[in-house]
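Read off the chains here:
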Amino acid sequence: MRMSEEASKEKSLKIDYTPPSKGWLEPTVEFKKGTYGYPAASKHEKYLELPNPREWQPNEEDWKLPENWKEIILKGMEDRLSRYRSFRLFLDICVRCGACADKCHFFIGSGDPKNMPVLRTELLRSVYRRYFTLSGKILGRLAGARELTESVLKEWFYYFYQCTECRRCSVFCPYGIDTCEITMMGRELLNLVGCNINWVIEPTSNCFRTGNHLGIPPHAFKSTVDFAIDELKEITGVEVEVPINRKGAKILFISPSADYFASPHWYTFLGYLLLFHEIGLDYTWSTYASEGGNFGLFHSADLAKRLNAKIYSEAKRLGVKWILGGECGHMWRVIHQYMDTFNGPADFLEAPVSPITGTPFENAKSTKMVHICEFTADLIKNNKLKFDPSRNDKWKVTYHDSCNISRGMGLLEEPRYILRNVCDEFYEMPANTIKERTFCCGSGAGLGSDENMETRLRGGFPRANAVKYVQEQFGVNLLTCICAIDKATLPPLLEYWVPGVEVAGIHEMVGNALVLQGEKKRATNLRGEPLKGEEGENHV
Amino acid sequence: MGVLYSISGIIALVLLITLGVWGMGWYSLFGVAVPYTAALLFIAGFIYRVLRWASSPVPFHIPTVCGQQKSLTWIKADRTDSPYTAGDVVKRLALEILFFRSLLKNEKVELEAPHRLLFRTATLLWLGAMAFHWSLLVILVRHLRFFLEPVPTVLVVLQRLDSILQNLMPILYISDVVILIALAYLFFRRVIYPQVRYISLPSDYFVLLGIAGIVISGILMRLIYRVDLVQVKEWVMAMLRFRPMPPKGVNLLFYIHLSFVSLFIAYLPVSKLMHVAGIFLSPTRNLRNTSRQERHINPWNHPVKVHTYEEYEDEFRDPMKEVGLPVEKE
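Calculation rules
- Residues numbered from 1 in each chain as written.
- Chains lettered and ligands numbered in written order.
- Predicted model: local features only at pLDDT ≥ 70, side-chain atom pairs only at ≥ 80, totals over all residues.
- Helix = DSSP H or I, 4+ residues; strand = E, 2+ residues; numbered from the N terminus.
- Rg over C-alpha atoms; globule rule 2.2 N^0.38 Å.
- Buried ≥ 20, exposed ≤ 12 C-beta atoms within 10 Å, placed from the backbone.
- Contact = placed C-beta atoms within 7 Å.
- Nonpolar A, V, L, I, M, F, W, Y, C, P; charged D, E, K, R; others polar.
- Pairing = 2+ DSSP bridges.
- Right-handed = clockwise from strand over helix to strand, strands pointing away.
- Axes fitted to C-alpha atoms, helices over the stretch in contact; angles between N-to-C directions.
- Core = buried A, V, L, I, M, F, W, Y, C linked by C-beta atoms within 7 Å.
- Parallel < 35°, antiparallel > 145°, perpendicular 65-115°, else oblique.
- Left-handed = near helix turned anticlockwise from the far one by under 90°.
- pLDDT = per-residue confidence, 0-100.
- Domains from an automatic or database assignment.

1. Considering the overall build of chain B
Regarding its fold elements, chain B presents 13 helices and 2 strands. In terms of C-alpha radius of gyration, chain B reaches 28 Å, well past the compact-globule figure of 20 Å for 330 residues. For chain B, the spread of C-alpha atoms along the three principal axes comes to 100 × 50 × 45 Å. With 330 residues in all, chain B has 32% of them scored as buried. Put simply, of all contacts in chain B between residues at least 6 apart along the chain, 61% involve residues at least 24 apart.

Next comes the structure, spelled out in structure tokens:
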């Protein structure tokens, strides 16, 4: 919260949509404090064996690029043009109609024209034209082509780390041009010469070594689980069992590491544990694969694959039948659209069937990994859970669709169905800001660092603005979501734009409402706050 | 700047053609060589570009999902926006290609107050694009009468329908009027809206002006400086049979019209106009949302360096044993 206070000191961020008088072909970029992430610490790059590890700063003149950096980038481009149809196609067919312009949360929040998806891509497309197309080679600037210079590279760095790969623009593009694909390629190219940010590289390096982004070693994982068990016993009177690295379990459960180490994720973690206990699920956690998220995705496909490999490999080692996954956004982009292709086929697993209801999860029969909201919605539909929604009465709830979960997957109704069962007051935000049109938190794709706060507050502005609307209309005081990055970055965002609205996961709400066999009368919710009607009776 | 470049380019072209035809009498050049070359460049270029795209694989399964996935049986899936079968994909693409469905979703974001957003539906761009592309299609189909002998009844009917308002506006086709209005809109929005002007390149204006040149020269040939359509058709048929001859019974306007068309189709394969083919190949639109149900194969799925469980346990074995976590090697 410290940084958001700092940002608010400067008083309200100014938003102006008037483009500058000077055209964009001349690269200009100013590395202003608060608008970019710090570069990766070289020890993490070295650990991952990434190119050109060094100490440098974006706001310094000399970026310490390798001698032949230009050749490396152009070769890298050529290579990717031949490996990704999306890359070549999206560079070729944009007609610059401008429909995407005001669909990007960074443009809406900053007014910087280079944050219009079309222009973000033009930054790279102009170089593509110059070196890879006939018209660009002949006509040059007249055809919108430009030389690859260090200034252009700096501009790429600034703007490709000012895109959260949320894919909202691709919903509105008449050709489905997905800026996420361009940003991914742009970042891969930048990484070839060692231009990246620590908020991506450090978690990745941690995850490679310890199994999770936060770098939590197995014994610390065990003690945090023990702590959760105690906390749950105190709140509910029930002692839950939490198996770790247990061979022969039927299901391997994987969630983002923030769930068991950050707040407010923690309460979602408690929710999972109560749910699994109540239905008597035969499952296990893993310390080696203790991360569902995948910051490698924000670096390159290869690094994403390196991290993702642990999931199937651990499922095989433990001999489970299938995998269940927790609340996370980009984790599910990887699992839904990449994992099977990266590291499959998972022919050693079985097509997932709910052991409690017998429901087969047909939609996951090849990848063999089920989203916890699919799993829980099915339990509720089959009357396997008993709820007391009044335990969530403190909250007037709205729901934020995470970008990757909605536009990468289409998981829209499951969480809403769960919410309607576990709380009494649920209100949707305006239709332009939910489901496939949802607005990003502004901090995804590795941009969630504190030093990047101004960019984050601007990027998150459209989302916050929609929250403010339901706060004013219905008195909403809780924004639920199923993404670990959301849970980490929405609280400071809302504190800045919409004070008075808190953030929670869906399974926190489930955990609050879930009536356990043999539980004591609950006096508090999972946050330890007194339940409505219990205030004053006990607890301070 | 872009606008000026484009307008000067168009004027230069008209002058060049005028000089060539009137001044030099290069009828064979503008009536035979140019159209043949253009047709060749168009066909070869078009095929080359499509093959070029097709030669790059789709490594990952990345549809942009815009509706509810098919998951649990009791949740209604959105078959169009989260296509599940090949038929669903065909439907999604058809709606996209024929009716520009994504563009219809367009909305405009405005600041109502310094920190308050307002969303307005913005269908004008969609309307302009639909008007332009559909009238262009009608015009192209109408022109088939020069290429087909006998002229199919469908074409005759279409032509009749298109000229149904001729009682009000003599010899004007509806499609001609619509396309001019649409072109004017598409051009002036680039000039007027600051953001669209900011992203527009000279080629963006040039394409619109070029098409306008084709349309206007075509209309003038009908309205004022008429050409002998029978002779034009004879010329087309001769060209199609590779017995080239310069057209007879035509005037300068015809050469301008023909040269602009030639230029346009020759330019098409090296320009953004390839979106006409590209949309079919767009991986965010032409894939089914069945990513977890069927495995998508990446042809270049190269091996990567991973951190194995053994390496992990080797580093953490002792503390793991200390807290009672099971290990592989004691």
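2. Quick notes on the interface of chain A and chain B
Between chain A and chain B, the residue contacts involve 90 residues of the former and 82 residues of the latter. Counting residues per element, the side of chain A that touches chain B draws most heavily on helix 14 (residues 301-318) of chain A, at 7 residues. Broken down by class, the residue content of the side of chain A that touches chain B amounts to 40 nonpolar, 25 polar and 25 charged.

3. Points about the pairing of strand 3 (residues 322-325) of chain A
Each regular strand carries side chains that alternate between the two faces of the sheet. Residues and elements named next belong to chain A. A two-sided burial pattern is seen for strand 3, the buried positions comprising Trp-322 and Leu-324 on one face and Ile-323 and Gly-325 on the other. Here 4 bridges tie strand 1 (residues 251-254) to strand 3, and the two strands are oriented parallel to one another. Bridge assignment links Ile-251 to a residue of strand 3, and that residue is Trp-322. Of the strand pairs in this sheet, strand 3 and strand 4 (residues 369-371) are connected by 3 bridges, and their pairing is parallel. Counterpart to Gly-325 in the pairing with strand 4 is His-371. Assessed by its sense of winding, the connection that carries the chain from strand 3 through helix 15 (residues 330-343) to strand 4 is right-handed.

4. With respect to the sheet that holds strand 1 of chain A
Adjacent strands of a sheet form backbone hydrogen bonds with each other and so pair up, either parallel or antiparallel. Residue and element names in this part refer to chain A. The parallel open sheet is built from 4 strands, whose spatial order is 2-1-3-4. Of all strands in the sheet, those with a lone pairing partner are strand 2 (283-284) and strand 4, marking the two edges. Sheet contacts for helix 14: strand 1, strand 2 and strand 3; angle to strand 1, the most-contacted strand, approximately 145 degrees.

5. Quick look at helix 8 (residues 150-160) of chain A
Residue and element names in this part refer to chain A. Along helix 8, 8 of the 11 residues are buried, which leaves the element largely enclosed by surrounding structure. Burial in helix 8 covers these residues: Val-152, Leu-153, Lys-154, Trp-156, Phe-157, Tyr-158, Tyr-159 and Phe-160. Along its buried surface, helix 8 packs onto helix 6 (117-132) and helix 10 (179-192).

6. Let's talk about the environment of Asn-525 of chain A
Residue and element names in this part refer to chain A. Relative to the elements of secondary structure, Asn-525 occurs in the segment after helix 22 (506-513). The class of Asn-525 is buried, set by 25 C-beta atoms lying within 10 Å. Residues Asn-525 and Cys-166, spaced 359 residues apart in sequence, show a C-alpha to C-alpha distance of 33 Å. Setting aside its immediate chain neighbours within four residues, Asn-525 contacts Arg-391, Asn-512 and Leu-531.

7. Description of the nonpolar core
Grouped together as the largest cluster of nonpolar side chains are 213 residues, with contacts concentrated most on Ile-323 and Leu-494 of chain A. Those residues in contact with Leu-494 of chain A that sit more than four places away from it in its chain are Ala-464, Val-467, Leu-479, Val-501 and Val-503 of chain A.

8. Some details on the sheet that holds strand 5 (residues 397-400) of chain A
Residues and elements named next belong to chain A. Strands sit in the order 5-6-7 across an open sheet of 3 strands; the sheet is parallel. Strand pairing shows two members of the sheet lacking a second neighbour, strand 5 and strand 7 (502-505), which therefore form its edges. This sheet shows a mean twist of 35 degrees between the axes of neighbouring strands, independent of strand direction. Pairing of strand 5 with strand 6 (residues 478-481) involves 4 bridges; the strand directions are parallel. Within strand 6, the position partnered with His-400 by the bridge is Cys-481.

9. Here we look at the packing of helix 5 (residues 124-143) of chain B against helix 7 (residues 174-192) of chain B
All names here are of chain B. One way to put it is that helix 5 packs onto helix 7 with a least axis distance of 8 Å and a crossing angle of 140 degrees. Looking at the two axes, helix 5 sits oblique to helix 7. Handedness of the crossing formed by helix 5 with helix 7: left-handed. Where helix 5 approaches helix 7, its residues Gly-128, Ala-131, Phe-132, Ser-135, Leu-136, Val-138 and Ile-139 are matched on the opposing element by Ser-175, Val-178, Ile-179, Ile-181, Ala-182, Leu-183, Tyr-185 and Leu-186. Within the contact of helix 5 with helix 7, the residues separate by chemical class into 12 nonpolar, 3 polar and no charged.

10. Brief notes about the pairing of strand 2 (residues 116-121) of chain B
Residues and elements named next belong to chain B. As judged from the 6 bridges shared by strand 1 (residues 107-113) and strand 2, these two strands associate in the antiparallel manner. Of the residues in strand 2, the one forming a bridge with Ala-113 is Arg-116. What sits between strand 1 and strand 2 in their antiparallel hairpin is a turn of 2 residues.

11. Quick word on the environment of Glu-310 of chain B
Summarising the element assignment, Glu-310 of chain B is placed in helix 13 (residues 309-322). When the C-alpha positions of Glu-310 of chain B and Arg-52 of chain B are compared, they lie 44 Å apart, and in sequence the two are 258 residues distant.

12. Let's talk about the packing of helix 3 (residues 69-83) of chain A against helix 10 of chain A
Residues and elements named next belong to chain A. It is at 9 Å that the axes of helix 3 and helix 10 come closest, and there the two elements cross at 140 degrees. Our pair here, helix 3 against helix 10, has a crossing hand that is right-handed. Note on element contacts: helix 10 touches helix 3 through Met-185, Glu-188, Leu-189 and Leu-192, opposite Ile-72, Ile-73, Gly-76, Met-77 and Arg-80. Looking at the contact of helix 3 with helix 10 residue by residue, the classes come out as 6 nonpolar, 1 polar and 2 charged.

13. Structural notes on the confidence of the model for chain A
Taken as a whole, chain A shows an average pLDDT of 95; of its residues, 97% reach a score of 70 or greater. Confidence drops under a pLDDT of 50 for residues 1-9 of chain A, and excluding neighbours within four residues, the segment shows 15 contacts in the predicted structure.

14. Topic: the domain arrangement of chain A
Many structure descriptions define interface size as the accessible area lost when the parts assemble. If you check the domain split of chain A, you get domain 1 (10-30 + 51-195), domain 2 (206-381) and domain 3 (389-513). The distance between the C-alpha centroids of domain 1 of chain A and domain 2 of chain A comes to 35 Å.

15. What to know about unusual backbone geometry
The omega angle of the peptide bond from Ser-263 of chain A to Pro-264 of chain A is 10 degrees, so this bond is cis rather than trans. Within the secondary structure layout, Pro-264 of chain A lies in the loop between strand 1 and helix 13 (265-279). The residue after Glu-149 of chain B, namely Pro-150 of chain B, is reached through a cis peptide bond having omega 0 degrees. Inspection of the secondary structure puts Pro-150 of chain B in the loop between helix 5 and helix 6 (153-162). Not every positive phi belongs to a glycine, and Arg-167 of chain A is a case in point at roughly 70 degrees. Checked against the element boundaries, Arg-167 of chain A lands in the loop between helix 8 and helix 9 (168-172). A count of 28 C-beta atoms within 10 Å places Arg-167 of chain A in the buried class. Of note in the backbone geometry, Ala-445 of chain A takes a positive phi value of approximately 55 degrees without being a glycine.

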